[in-house]
Amino acid sequence: MIRLTTIIALLLVVLVSPRDWTNVDAAAEEWRPIDPAHVALKAPTVEPDADAEVIFWDIRVDDGPAYELMLSHYVRIKIFTERGREKQSNVNIPFLNNTKIKDVAARTIKPDGSIVELAKADIVEQTIVKISGVKLKTKSFALPGIEIGAIIEYQWKEVIPYVSANNMRLQFQREIPVRSITYRLKPGSGSLGVRAFNMSPPGFKKESGGFHSTTVTNMPAFREEPMMPPEDNVRAWALIRYQNVFTQLDGYNALARRVHATAKPHLKADDDIKRKAAELTAAATTSEEKLKRLFDFCRLNIKNTDSRNSGFTEREIDRLKENKKPSDTLKRGVGSGGDVNLLFGALASAAGFETRVALMPDRGRQLFDRKEVFPDGLLPANIAVHVSDSWRFFDPAFQYVTLGMLRWQQEGVDALIADETPIWVVTPMSPPEKSQERRSATLRLDENGTLEGEVTIEYTGHRAVDRKLLDEDDSPAQREENLKAALKKRLGSADLTNIVIENVTDPDKPLIYKYHVRVPDYAQRTGKRLFFQPGFFEKGIQALFTASTRKYPIYFHYPWSEEDKITVTL
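Keep in mind the model is a prediction, meaning the values are calculated, not measured.

1. What about the pattern of salt bridges?
Link 1 in the chain: If you walk through the whole model with that rule in mind, you get 35 salt bridges.
Link 2 in the chain: In this structure, Arg 235 engages Glu 175 in a salt bridge whose closest nitrogen and oxygen atoms are separated by 2.9 Å. Here Glu 175 lies in the loop between strand S9 (169–171) and strand S10 (178–186) and Arg 235 lies in the loop between strand S13 (212–219) and strand S14 (237–243), a separation of 60 residues in the sequence.
Link 3 in the chain: Relative accessible area serves as the criterion here: at 1%, Arg 235 is assigned to the buried category.
Link 4 in the chain: A salt bridge links Asp 414 to Arg 370, with the nearest nitrogen and oxygen atoms 3.1 Å apart. Of the two residues, Asp 414 sits in strand S20 (residues 414–417) while Arg 370 sits in the loop between strand S17 (354–360) and strand S18 (379–387), which places them 44 residues apart along the sequence.

The structure is reproduced here in structure tokens:
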């Protein structure tokens, strides 16, 4: 809930990941001397088959008195193979538009000892994502003169305003092995506390100048596996927290009480809200009907500026007046996602329901544990409505989830009802029949091996949400091109015509693809026989699990069901 999150922003602590929040610019500090032994190195030491290895990765963290955070990064990498050269030659560093960056530089030390510096002009900046005025940018550069046996190194500083190192995440794993990773931290206030995850606790030692440092050696590479748990549950990292008497007493229940105090006035119904609620529910006879009418009104009649297809430009959104209460959202017919949800809560209150804000974790990012208190472990996410002695959850601001469902990241999790006495509730998990993938094909296979016919694919529930989020920003023509490209990737000779794509942005209807397909040489002819794969929708799809072993458990995001109906006429 964007608006409510903004209202209580000073009550929540921003998390900063040095691995993710970065930017680059021009000149750097002095380069450190090159050890001749590193130049002569022929094989990695942490993992014998590594294509490249981090010699050191140093991050200095200054928690400044002006309530801004400065992180200074210095990375040195040794290249061992051609694949390592290819993967490490291009550096892409993402950053948000509130981050100030300075002092970036990069260079390559060749095996013969010669050095090639990166020119400032070779750094390219571009915006890759824009959502509700927040820009995710990246600066990219290619390391000059990189070859097998070379050493590459780069460094940069980032300054993040209004952020403290308190509750900062320290990342200890990269995508390649690390010989040595060092954090040097200068705390702003309080004693330094460290909580490690998926690794042994890194011991910090006091240094001169108020710094504390820790060094971890021989850290193996982090390698993703298909359908693994969220990174926070498998990757090595640590949480920094300044300890004092207040942090010892703080927790999720205290957060829920603060959220309740902040949200309570916004869930009250004034005369405008009462009149609208009465109008919308006049013909409804059951609680379910009333809530559906209120839900549909908020979703369909209030323009959500947080939606990527809201129809508003960034400049237009900036010029909109702030909605200080739900009746403002009702009168103007436009608001943020948080405004939409708070309006629904106020309307439900006016209709006689008990409503609260529900704080929820995101199990797509981390598997939640009530005992582990994180600053962003729980965030205001839904409106909870008390119906028939139980709490039900509603998120009209999220466009594509049907009534009665939540985003998969919020299903089957511990939710906290914000109140003076907070209540823990487990959110329901949608059954597999709610998220279906139904595929049908009526095809003809001729004597030359050509397959041709009509195809229909239909997605509902979470299956539909996943694909609607991918398609919503694209034009109709681009959606057709994406469909063609996906089919050609597994069936290179496939030709698609008469393409129809329905309900891409409809919140309730299933997403439907229809097309006529023709695939020459689908079957292989050998004398009087034709060899072919009847499972048309699976042909050409690579196996999901190709490794002989895996390190992490298999994690299914949600239950779903599949149904294929294929008719092949010879």
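Still more ground to cover, so stick around.
2. Things to note about the sheet that holds strand S11 (residues 191–197)
Link 1 in the chain: In space, the three strands of this open sheet follow the order S9-S14-S11, with antiparallel pairing throughout. Of all strands in the sheet, those with a lone pairing partner are S9 and S11, marking the two edges. If you compare each strand with its neighbour and ignore which way they point, the axes differ by 25° on average.
Link 2 in the chain: In this structure, S11 lies alongside S14, joined through seven bridges in antiparallel fashion. Paired with Phe 197 across the bridge in S14 is Trp 237.

3. A few points about the side chain of Glu 53
Link 1 in the chain: Here Glu 53 lies in strand S1 (residues 52–63).
Link 2 in the chain: Here Val 46 takes part through its backbone nitrogen, which lies 2.8 Å from a polar atom of the side chain of Glu 53.
Link 3 in the chain: Other than its neighbours up to four places away in sequence, Glu 53 contacts Pro 44, Thr 45, Val 46, Glu 47, Arg 76, Ile 77, Lys 78, Phe 80, Ile 176, Pro 177 and Arg 179.

4. Thoughts on unusual backbone geometry
Phi is mostly negative for residues that are not glycine, and the peptide bonds are mostly trans.
Link 1 in the chain: For Asp 103, which is not a glycine, the phi torsion comes out positive at approximately 60°.
Link 2 in the chain: In this structure, Asp 103 sits in strand S4 (residues 100–109).
Link 3 in the chain: At Ser 388, a residue that is not glycine, the phi angle is positive and equals roughly 50°.
Link 4 in the chain: Mapped onto the elements, Ser 388 comes out in the loop between S18 and strand S19 (390–394).

5. Brief notes about the packing of helix H7 (residues 287–301) against helix H10 (residues 337–350)
Link 1 in the chain: Packing of H7 against H10 leaves a shortest axis separation of 10 Å and a crossing angle of 150°. If you check the angle between H7 and H10, you find them roughly antiparallel. Considering how the two elements wind past one another, H7 and H10 form a crossing that is right-handed. Residues Leu 291, Leu 294, Phe 295, Phe 297 and Cys 298 of H7 pack against Val 340, Leu 343, Phe 344, Leu 347 and Ala 348 of H10.
Link 2 in the chain: Each residue belonging to the contact of H7 with H10 can be placed in one class, and the counts come to ten nonpolar, no polar and no charged.

6. A few points about the packing of aromatic side chains
Each aromatic ring pair is specified by the distance between its two centres and by the angle formed by the two planes.
Link 1 in the chain: Using the criterion set out here, one finds 21 aromatic pairs in the structure.
Link 2 in the chain: Ring centres of Tyr 459 and Tyr 513 lie 6.1 Å apart, and the angle between their planes is 85°; on these two criteria the pair is classed as edge-to-face. Residue Tyr 459 is found in strand S23 (residues 451–459), and its partner Tyr 513 is found in strand S25 (residues 511–519); the two are separated by 54 residues along the sequence. Tyr 513 carries the same exposure label as Tyr 459, and that label is buried.
Link 3 in the chain: Here the aromatic rings of Phe 556 and Trp 560 are separated by 6.1 Å at their centres, their planes lie at 50°, and the arrangement is tilted.
Link 4 in the chain: Each residue in the set Trp 408, Phe 556, Tyr 558 and Trp 560 is aromatic and connected to the rest through ring pairs, giving one cluster.
Link 5 in the chain: Directly above the ring of Phe 211 sits Arg 184, whose terminal nitrogen or CZ lies 4.5 Å from the centroid.

7. Some words on the sheet that holds strand S22 (residues 436–445)
Link 1 in the chain: Across the sheet, five strands lie side by side as S24-S25-S23-S22-S28; this open sheet has mixed pairing. Looking at which strands have only one partner, the edges of the open sheet turn out to be strand S24 (495–502) and strand S28 (561–569). Going from strand to strand, the sheet's axes swing by 10° on average, the running direction of each strand aside.
Link 2 in the chain: Bridge analysis of S23 against S25 gives nine bridges, and the strand direction is antiparallel. For Glu 454, the partnering residue across the bridge sits in S25 and is His 516.
Link 3 in the chain: Contacts from helix H11 (residues 461–471) reach S22, S23, S25 and S28 within the one sheet, and its direction differs from that of S25 by about 75°.
Link 4 in the chain: Against the sheet, helix H12 (residues 476–490) makes contact with S24 and S25, and its axis sits at roughly 130° relative to S24, the strand it touches most.

8. Brief notes about the packing of helix H6 (residues 271–281) against H7
Link 1 in the chain: For the pair H6 and H7, interaxial distance at closest approach is 9 Å and the crossing angle is 115°. Relative to H7, the crossing made by H6 is right-handed. Judged by residue contacts, Lys 276, Ala 277, Leu 280 and Thr 281 of H6 engage Lys 290, Arg 293, Leu 294 and Phe 297 from H7.
Link 2 in the chain: Class assignment of the residues belonging to the contact of H6 with H7 gives a composition of four nonpolar, one polar and three charged.

Thresholds, definitions, all that
Residues numbered from 1 in each chain as written. Predicted model: local features only at pLDDT ≥ 70, side-chain atom pairs only at ≥ 80, totals over all residues. Heavy atoms only, no water. Salt bridge = Lys/Arg side-chain N within 4 Å of Asp/Glu carboxyl O. Helix = DSSP H or I, 4+ residues; strand = E, 2+ residues; numbered from the N terminus. Buried < 20%, exposed > 50% of the residue type's maximum accessible area, 1.4 Å probe, protein only. Pairing = 2+ DSSP bridges. Axes fitted to C-alpha atoms, helices over the stretch in contact; angles between N-to-C directions. Polar contact = N/O pair within 3.5 Å; in protein donor to acceptor, adjacent residues only side chain to side chain. Contact = heavy atoms within 4.5 Å. Parallel < 35°, antiparallel > 145°, perpendicular 65-115°, else oblique. Left-handed = near helix turned anticlockwise from the far one by under 90°. Nonpolar A, V, L, I, M, F, W, Y, C, P; charged D, E, K, R; others polar. Phe/Tyr/Trp six-rings, centres within 6.5 Å; stacked < 30°, edge-to-face > 60°. Lys NZ or Arg CZ within 6 Å of the ring centre and 35° of its normal.

What is shown is where atoms sit, not what they do.
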